[in-house]
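# Coordinates in review
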Amino acid sequence: MIIDERTSRQSYILDAARQIMTAARTAPKGKGVDIIEIITITGQEIEMLSQEMKKLSEETGLKFLIRDSENICSADALILIGTKEHKQSLNCGYCGFSTCSEKPHDTPCAINTIDVGIAIGSACAKAADLRVDSRVMFSAGWAAQRIGWMKDCHQIIGIPISISSKNPFFDRKPKEPEIK
């Protein structure tokens, strides 16, 4: 049997994405409460996400969103990690309020935010173990949140992954400001 690496990339990237999602899932969680949600998108969904990022750029004037929107089109897959809101009842004050009962509903629990960060770290470590190129992009997560793919989730972060001869997510040129 002869297996050509170029023709086996698509199946490998999906296997890698599954392992990366597993690494995020099994990452430690605050108080052992699992409120992390994880999905992988490919193909048309990446294009849809790219278009939403361009809309975000038009609405906000943030030019890096255009760069990122073009950049994710080089991804073979994109993993999204988010958290559902859950008060951990620690009264730690990390969110800026003395007690959990004082915290407004629309203020994220800091422990939930930490959980997303730990899951991202585990996911990226697994991508590195698998020699799959990746980059952490809050911009992709922001657009995914607007699309509504991960219901009831916030603080969504995107991790595009790629198998290519050069990592497409680094050495990126910033978008030049438009001269009017």
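This write-up is about the structure you can find in this document.

Calculation notes
- Residues numbered from 1 in each chain as written.
- Predicted model: local features only at pLDDT ≥ 70, side-chain atom pairs only at ≥ 80, totals over all residues.
- Heavy atoms only, no water.
- Helix = DSSP H or I, 4+ residues; strand = E, 2+ residues; numbered from the N terminus.
- Buried < 20%, exposed > 50% of the residue type's maximum accessible area, 1.4 Å probe, protein only.
- Contact = heavy atoms within 4.5 Å.
- Areas by Shrake-Rupley, 256 points an atom, 1.4 Å probe, with all protein chains shown as cover.
- Lys, Arg positive; Asp, Glu negative; His and termini not counted.
- Charge placed at Lys NZ, Arg CZ, Asp CG, Glu CD.
- Axes fitted to C-alpha atoms, helices over the stretch in contact; angles between N-to-C directions.
- Parallel < 35°, antiparallel > 145°, perpendicular 65-115°, else oblique.
- Nonpolar A, V, L, I, M, F, W, Y, C, P; charged D, E, K, R; others polar.
- Left-handed = near helix turned anticlockwise from the far one by under 90°.
- Salt bridge = Lys/Arg side-chain N within 4 Å of Asp/Glu carboxyl O.
- Polar contact = N/O pair within 3.5 Å; in protein donor to acceptor, adjacent residues only side chain to side chain.
- Pairing = 2+ DSSP bridges.

Our next topic: the overall build of the chain. For the chain, the helix and strand inventory stands at 5 helices and 4 strands. Counting helices and strands in the order they occur from the N terminus, the chain gives α-β-α-α-β-α-β-α-β. Along the three orthogonal principal directions, the C-alpha set of the chain runs to about 60 × 55 × 25 Å. Taken across its 180 residues, the chain has 41% of its residues classed as buried. Long-range contacts, defined as pairs at least 24 residues apart, comprise 74% of the intrachain contacts of the chain with a sequence gap of at least 6. Carbon and sulfur atoms form 53% of the exposed surface of the chain, whose accessible area is close to 10000 Å². Distance from the positive charge centre (23 side chains) to the negative charge centre (23 side chains) of the chain: 2 Å.

Our next topic: the packing of helix H2 (residues 43-60) against helix H3 (residues 64-71). Put simply, H2 and H3 touch, their axes get as near as 8 Å, and they point 175° apart. The pairing of H2 with H3 is recorded here as roughly antiparallel in orientation. Along the contact surface, H2 presents Ser50, Met53, Lys54, Leu56, Ser57 and Thr60, while H3 presents Leu65, Ile66, Asp68, Ser69 and Glu70. Of the residues belonging to the contact of H2 with H3, the class tally is 4 nonpolar, 4 polar and 3 charged.

Moving on to the packing of helix H1 (residues 5-25) against helix H4 (residues 110-129). Close contact between H1 and H4 brings their axes to 7 Å; oriented N to C, the two are set at 145°. Seen from above, H1 lies across H4 with right-handed handedness. Between H1, through Gln19, Ile20, Ala23 and Ala24, and H4, the contact on the second element is made entirely by Ala119, Ser122, Ala123, Lys126 and Ala127.

What follows deals with the side chain of Lys29. The topology assignment puts Lys29 in the loop between H1 and strand E1 (36-41). Within the buried set, Lys29 has no salt-bridge partner at all; the shortest N-O distance to an opposite charge, 4.4 Å, is to Asp34. For Lys29, the side chain forms a polar contact with the main-chain oxygen of Ala27, separated by 2.5 Å. Excluding residues within four positions of it along the chain, Lys29 makes contact with Ala24, Asp34, Ile36 and Asp115.

Spatially, the 4 strands line up as an open sheet ordered E1-E2-E4-E3, and their pairing is antiparallel. Both outer strands of the open sheet, E1 and strand E3 (133-134), are each paired with one neighbouring strand and no more. For strand E2 (residues 77-84) and strand E4 (residues 153-162), the ladder comprises 7 bridges, and the chain directions are antiparallel. Across the sheet, the residue bridging to Leu78 is Pro160, located in E4.

We now examine the pattern of salt bridges. One pass over the full model with this rule turns up 9 salt bridges. Residue Glu37 pairs with Lys84 through a salt bridge whose shortest N-O separation is 3.7 Å. Of this pair, Glu37 sits in strand E1 while Lys84 sits in strand E2, and the two are 47 residues apart along the sequence. Assessed through its relative accessible area of 31%, Lys84 is described here as partly exposed. With its nearest N and O atoms 2.7 Å apart, the salt bridge here joins Arg146 to Glu59. Here the residue Arg146 occupies a position in helix H5 (residues 138-147), and Glu59 occupies one in helix H2, the gap between them amounting to 87 residues. A residue is classified by how much of its surface remains accessible, and Arg146, at 36% relative accessible area, is partly exposed. When salt bridges that share partners are traced, they join Glu52, Lys55, Glu59 and Arg146 into one network.

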